[in-house]
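# Examining the three-dimensional arrangement
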Amino acid sequence: MSEPHKLFIDIFSPFQEHINAEQDVREVIRNIMKDLEKSLREIVIALQIIHTEVNCEYIDEALLKARELLGEVQKGFDALDKVVPNGQYYRYNDHWRYSTQRLCFLVALIVFLEKGFLIDQVTAAQMLGVHEKQNIHLDLEDYLMGLLNLATELSRFAVNSVTLGDYNRPLQISKFVAELNAGFRLLNLKNDSLRKRFDALKYDVKKIEEVVYDLSIRGLTPAASAEHTVS
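To start, this report covers the structure provided alongside it. (Residues numbered from 1 in each chain as written. Predicted model: local features only at pLDDT ≥ 70, side-chain atom pairs only at ≥ 80, totals over all residues. Heavy atoms only, no water.)

## Section: empty space enclosed by the protein
Rules: In the cavity and pocket records, a cavity denotes points on a 1 Å grid over the protein atoms alone where a 1.4 Å probe fits but cannot get out, a pocket denotes an open set with protein on both sides within 12 Å along at least 5 of 7 lines, and lining residues are residues with an atom within 4 Å of a point. Grid points are joined across faces, edges and corners, and a volume is the space filled by probe spheres set on the points. Amino acid classes used here: Ala, Val, Leu, Ile, Met, Phe, Trp, Tyr, Cys and Pro are nonpolar; Asp, Glu, Lys and Arg are charged; the rest, including Gly, are polar.
Applying the stated rule across the entire model yields 1 cavity of 30 Å³ or more. By volume, the largest cavity is sized at about 40 Å³. What lines the largest cavity is simply Phe77, Tyr89, Trp96, Thr100, Val130, Ile136, His137, Asp139 and Asp142. Class assignment of the residues belonging to the lining of the largest cavity gives a composition of 5 nonpolar, 2 polar and 2 charged.

## Some points on unusual backbone geometry
What counts, and what does not: Helix and strand definitions follow DSSP, with helices as H or I runs of at least four residues and strands as E runs of at least two, each counted in order from the N terminus. When a residue's accessible area, from a 1.4 Å probe over protein chains only, is under 20% of the maximum for its type it is buried; when over 50% it is exposed; and in between it is partly exposed.
Even without a glycine there, the phi angle at Glu132 is positive, about 60°. When you line up the elements, Glu132 lands in the loop between α5 (121-128) and α6 (140-163). Look at Glu132 and you get exposed, because its relative accessible area is 73%.

## Here we look at the packing of helix α8 (residues 192-199) against helix α9 (residues 201-217)
Counted only if it meets this: The convention used is that axes are lines fitted to C-alpha atoms, helices contributing only their stretch in contact, and that angles between N-to-C directions extend from 0 to 180 degrees. Each angle is binned into one of four classes, with values under 35 degrees roughly parallel, values over 145 roughly antiparallel, values of 65 to 115 roughly perpendicular, and all other values oblique. Residues count as neighbours in contact if any of their non-hydrogen atoms are within 4.5 Å of one another.
Axis separation between α8 and α9 bottoms out at 4 Å; the angle between their running directions is 20°. Here α8 is positioned roughly parallel relative to α9, judged by the angle of their axes. Contact residues: α8 offers Arg197, Phe198 and Asp199, while α9 offers Leu201, Lys202, Tyr203 and Asp204. Grouping the amino acids of the contact of α8 with α9 by side-chain chemistry returns 3 nonpolar, no polar and 4 charged.

## Description of α6
For clarity, the cut-off: One fewer than the residue count of a helix, multiplied by 1.5 Å, yields its expected span.
Along its 24 residues, α6 runs 35 Å from first to last C-alpha, staying within 8% of the 34 Å computed at 1.5 Å per residue. Counted residue by residue, α6 has 17 buried out of 24 residues, so it is predominantly covered. Following α6 by one or two positions, Gly165 adopts a phi angle in the positive range, close to 90°.

## A look at the pattern of salt bridges
Definition in use: Salt bridges are identified by distance alone: a Lys or Arg side-chain nitrogen within 4 Å of an Asp or Glu carboxyl oxygen.
Counted under the stated rule, the structure contains 13 salt bridges. Between Glu153 and Arg156 there is a salt bridge, with the nearest N and O atoms lying 3.8 Å from each other. Of this pair, Glu153 and Arg156 are both found in helix α6, 3 residues apart, which corresponds to roughly one turn of the helix. A relative accessible area of 13% places Glu153 in the buried class. With a relative accessible area of 35%, Arg156 lands in the partly exposed category. With a closest N to O distance of 3.3 Å, Arg195 and Asp199 form a salt bridge. One end of the pair, Arg195, and the other, Asp199, are both in helix α8, 4 residues apart, so they sit about a helical turn from each other. Asp199 sits in the partly exposed class, given a relative accessible area of 33%. Ionic contacts of the salt-bridge type, sharing partners, join the residues Glu22, Arg26, Arg91 and Asp94 into one network.

## Re a nonpolar patch on the surface
Which entries qualify depends on this criterion: Patch members must show over 30% relative accessible area and no salt bridge, and they are joined within 9 Å when carrying like charges or within 5 Å when they are nonpolar side chains of Val, Leu, Ile, Met, Phe, Trp or Tyr. Note on areas: Shrake-Rupley, 1.4 Å probe, and residue coverage restricted to the protein chains presented here.
There is a patch of nonpolar side chains on the surface, built from Leu7, Phe8, Ile11, Phe12 and Phe15 and spanning about 530 Å² of accessible area. Examined against the element boundaries, Phe12 turns out to sit in helix α1 (residues 3-47).

## Looking at the side chain of Asp81
So the rule is basically this: When charges are counted, Lys and Arg contribute as positive and Asp and Glu as negative, whereas His and the chain ends are disregarded. Distance and chemistry together define a polar contact, namely a pair of N or O atoms within 3.5 Å, with one atom able to donate a hydrogen and the other to accept it when in protein, and with adjacent residues in sequence counting only for side-chain atoms on both sides.
Its place among the elements puts Asp81 in helix α2 (residues 56-83). Although Asp81 is buried, it forms no salt bridge, and the closest oppositely charged side chain is Lys133 at an N-O distance of 5.8 Å. A distance of 2.6 Å separates a polar atom in the side chain of Asp81 from the backbone nitrogen of Asn135. Once you skip the residues sitting within four places of it in the chain, Asp81 turns out to touch Lys133, Gln134, Asn135 and Ile136.

## Section: the environment of Asn181
Its place among the elements puts Asn181 in helix α7 (residues 169-184). In sequence terms Asn181 and Leu148 are 33 residues apart; their C-alpha atoms lie 9.1 Å from each other. Excluding its chain neighbours within four sequence positions, the residues that come into contact with Asn181 are Phe198, Leu201 and Val205.

## Let's talk about the environment of Asn20
Note that Asn20 resides in helix α1. Put simply, Asn20 and Tyr143 are 123 residues apart on the chain and 32 Å apart in space, counted from C-alpha to C-alpha.

Spelled out as structure tokens, the structure:
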């Protein structure tokens, strides 16, 4: 073997070993994500009941089911933390970024339905099982994207609540999303995808405001009903 040829082999052989090792890690991650995304889909399905049912008992059962499924999500992130090499989160996070954003939206929805307030980033990370992990964490961008997705879901929820005869829920949603919008306006967003998604928030706010306005002019809000009673 000629010396120049051997030199090229010595240089490039380690490259292939590195590529193979990275592909092995990605394959394990993909397998973990298949199970994690299955739990994600089941949580979505469980929570869809809010668009078709106002019975608190049924909604509470759905929330309990969602909480149970979050246990499986936490197991998935535990496995992920063991696979991702130390200090290489951003090399591999394209595999779970979108799913994490969806999961942030779901835990935010769960907390809103249970408590009526906004989940913070630490609590979201704890519910997902990524808080204080060694090799993975909850990105601020993923958390914020989840909150923006929540606003869209709540605008749909407001419309469907009226259809189901629940006229109080849109008022709660309107106040919550207005405060969420005010919070986002405090941020000087530089990220293109986050900025574009934030630009859509105003349409969610407008849609919810229109629902509340329609209820008001028809005398279906508590305040309007009281005025009609007095007059």
